[in-house]
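Each chain is listed here by its residues.
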Amino acid sequence: MDRQEKRAFVDSMAEVFAQTSFVLVAQNKGLTVAAVDDLRRKMKAAGATYKVAKNRLASRALDGTRFQGISPLLKGPTALAWSADPVAVAKTAVEFAKGNDKFVILGGALGTQNLNVDGVKALAELPSLDTLRASLVGLIQTPATRIAGVVQAPAGQLARVLKAYADKEAA
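Throughout, a residue's number is its position along its own chain's written sequence, starting from 1. With the structure being a predicted model, the display of local features is reserved for residues of pLDDT at least 70 and the display and counting of side-chain atom pairs for 80 or more, all residues being used for whole-chain, interface and lining totals. Each side-chain value is worked out from all heavy atoms of the structure, with water and hydrogens disregarded.

S.K.: In this structure, what is going on with the environment of Thr-65? I would like to understand it.
M.R.: A run of H or I in DSSP counts as a helix once it spans at least four residues, and a run of E counts as a strand once it spans at least two, with each numbered from the N terminus. Turning to its location among the elements, Thr-65 is positioned in the loop between helix H3 (55-62) and strand S3 (78-83). Counting along the chain gives 61 residues from Thr-65 to Leu-126, while the straight-line C-alpha distance between them is 26 Å. Here a polar contact means two N or O atoms within 3.5 Å. Within protein one must be a hydrogen donor candidate and the other an acceptor candidate, and residues neighboring in sequence count only if both atoms are side-chain atoms. Here Leu-62 takes part through its backbone oxygen, which lies 2.6 Å from a polar atom of the side chain of Thr-65.

S.K.: Looking at this structure, I do not really get the pattern of salt bridges. What am I missing?
M.R.: For side chains bearing opposite charge, pairing can occur when the charged atoms are close. By convention in these notes, a salt bridge is any Lys or Arg side-chain nitrogen within 4 Å of a carboxyl oxygen on Asp or Glu. The full count for this structure, using the stated rule, is one salt bridge. Across the pair Lys-42 and Asp-38 runs a salt bridge, and its minimum N-O distance is 3.4 Å. Pair noted here: Lys-42 and Asp-38 are both in helix H2 (residues 33-45), with a separation of four residues, about one helical turn.

S.K.: What is the right way to look at the sheet that holds strand S4 (residues 104-110) in this model?
M.R.: The strand order across the open sheet built from five strands is S2-S3-S1-S4-S5, with neighbouring strands paired in antiparallel fashion. Lying at the two open borders of the sheet, with one neighbouring strand each, are strand S2 (49-52) and strand S5 (113-115). Across this sheet, the average inter-strand angle for adjacent strands is 20°, counted without regard to direction. Should any heavy atoms of two residues lie within 4.5 Å, those residues are counted as being in contact. Note on geometry: axes are C-alpha line fits, over the in-contact stretch for helices, and angles between N-to-C directions span 0 to 180 degrees. On top of the sheet, helix H4 (residues 86-99) reaches strand S1 (22-27), S3 and S4; it is set at about 15° to S1, its chief contact. Set on the sheet, helix H5 (residues 117-125) makes contact with S1, S4 and S5; between it and S4 the angle comes to about 75°. Strands were regarded as paired on the criterion that DSSP finds at least two bridges between them.

S.K.: Quick question: what am I supposed to make of H4 here?
M.R.: Given a helix with a known number of residues, its expected span is that number minus one, times 1.5 Å. Look at H4: 21 Å from first C-alpha to last across 14 residues, which is about the 20 Å you get at 1.5 Å a residue. Regarding H4, the residues found buried are Pro-86, Val-87, Ala-88, Val-89, Ala-90, Thr-92, Ala-93, Val-94 and Phe-96. Of the surrounding elements, those touching the buried residues of H4 are S1, H2, S3, S4 and H5. Whether a residue is buried, partly exposed or exposed follows from its accessible area with a 1.4 Å probe, protein chains only, as a fraction of its type maximum: under 20%, in between, or over 50%, in that order.

S.K.: Is there a simple way to explain a positive patch on the surface in this structure?
M.R.: Side chains of Arg-3, Lys-6, Arg-7, Lys-54, Arg-56 and Arg-60 sit close together on the surface and give a patch of like positive charge. If you list the elements that add at least two residues to the positive patch, you get helix H1 (3-19) and H3. Within the fold, Arg-56 resides in helix H3. Like-charged residues are merged into a patch within 9 Å and nonpolar side chains (Val, Leu, Ile, Met, Phe, Trp, Tyr) within 5 Å, provided each residue has over 30% relative accessible area and no salt bridge. Note on areas: Shrake-Rupley, 1.4 Å probe, and residue coverage restricted to the protein chains presented here. We score Asp and Glu as negative and Lys and Arg as positive, and we do not count His or the chain ends. One atom stands in for each charge, and that atom is NZ of Lys, CZ of Arg, CG of Asp or CD of Glu.

S.K.: Explain H2 here, please?
M.R.: Count 3.6 residues to each turn of an α-helix, and residues three or four apart come out pointing the same way. Relative to the 18 Å expected for 13 residues at 1.5 Å per residue, H2 spans 18 Å between its end C-alpha atoms, a close match to the ideal helical length. Of all the residues in H2, the buried ones are Ala-35, Val-36, Leu-39 and Met-43. The arc enclosing the buried residues of H2, seen along the axis, measures out at 100°, which places them on a common side. Opposite the buried face of H2, at more than 90 degrees from it, the exposed residues are Val-33, Ala-34, Arg-41, Lys-44 and Ala-45. Residues of H2 that are buried in the fold lie against S2, S3 and H4. At the C-terminal side of H2, Gly-47 shows a positive phi close to 85°. Taking the helix axis as origin, the arc is that swept by the directions to the C-beta atoms.

S.K.: It is not clear to me how the packing of aromatic side chains should be interpreted in this structure. Could you clarify?
M.R.: By convention here, two paired aromatic rings are described through the distance between centres and the angle between planes. Any two rings among Phe, Tyr and Trp, with Trp reduced to its six-membered ring, count as a pair given centres within 6.5 Å; such a pair is stacked if its planes are under 30 degrees apart, edge-to-face if over 60, and tilted if neither. For the structure on display, the rule yields four aromatic pairs. Taken together, a centroid distance of 6.4 Å and an interplanar angle of 55° make the contact between Tyr-50 and Phe-103 tilted. Placement of the pair is Tyr-50 in strand S2 and Phe-103 in the loop between H4 and S4, with a sequence separation of 53 residues. Exposure class is identical for Tyr-50 and Phe-103. Each is buried. Ring centres of Phe-96 and Phe-103 lie 5.3 Å apart, and the angle between their planes is 80°; this geometry places the pair in the edge-to-face category. These aromatic residues form a ring-pair network of at least three members: Phe-17, Phe-67 and Trp-82.

Encoded structure:
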């Protein structure tokens, strides 16, 4: 890489760090190309991005962002993963790490909060953003359904009473 390419890379990574809410740092020492491709496919399916970056350039991109606290994790062969949905990245990385011993999660940052390995694993156990949205919509719809049922109940009872009187008169 020449200087212009390095500056462009640092600028693009700094822009990514400004827009995302979660960054994961992992060590990928000894991963085969096939395993890295598999991990990239899984990350992309989850809506995340996985990138192997030079530590020095990544550290420069992290300077001045809310994620600069993860700079000490950038030692050795490391990779970064990020997404707008922090749970998706964490779940994908933790699942991949269970099946591949050479992929080691070092930590991450959620906003200004630095996370260690246990913090990332705890984040992976949370429900995804889509699941939370669905449960929230369900909670909002439940009172509306109950209100509709309560409003309709007296009218139904009145109709049954009137039908009973009509049947009694006819008999």
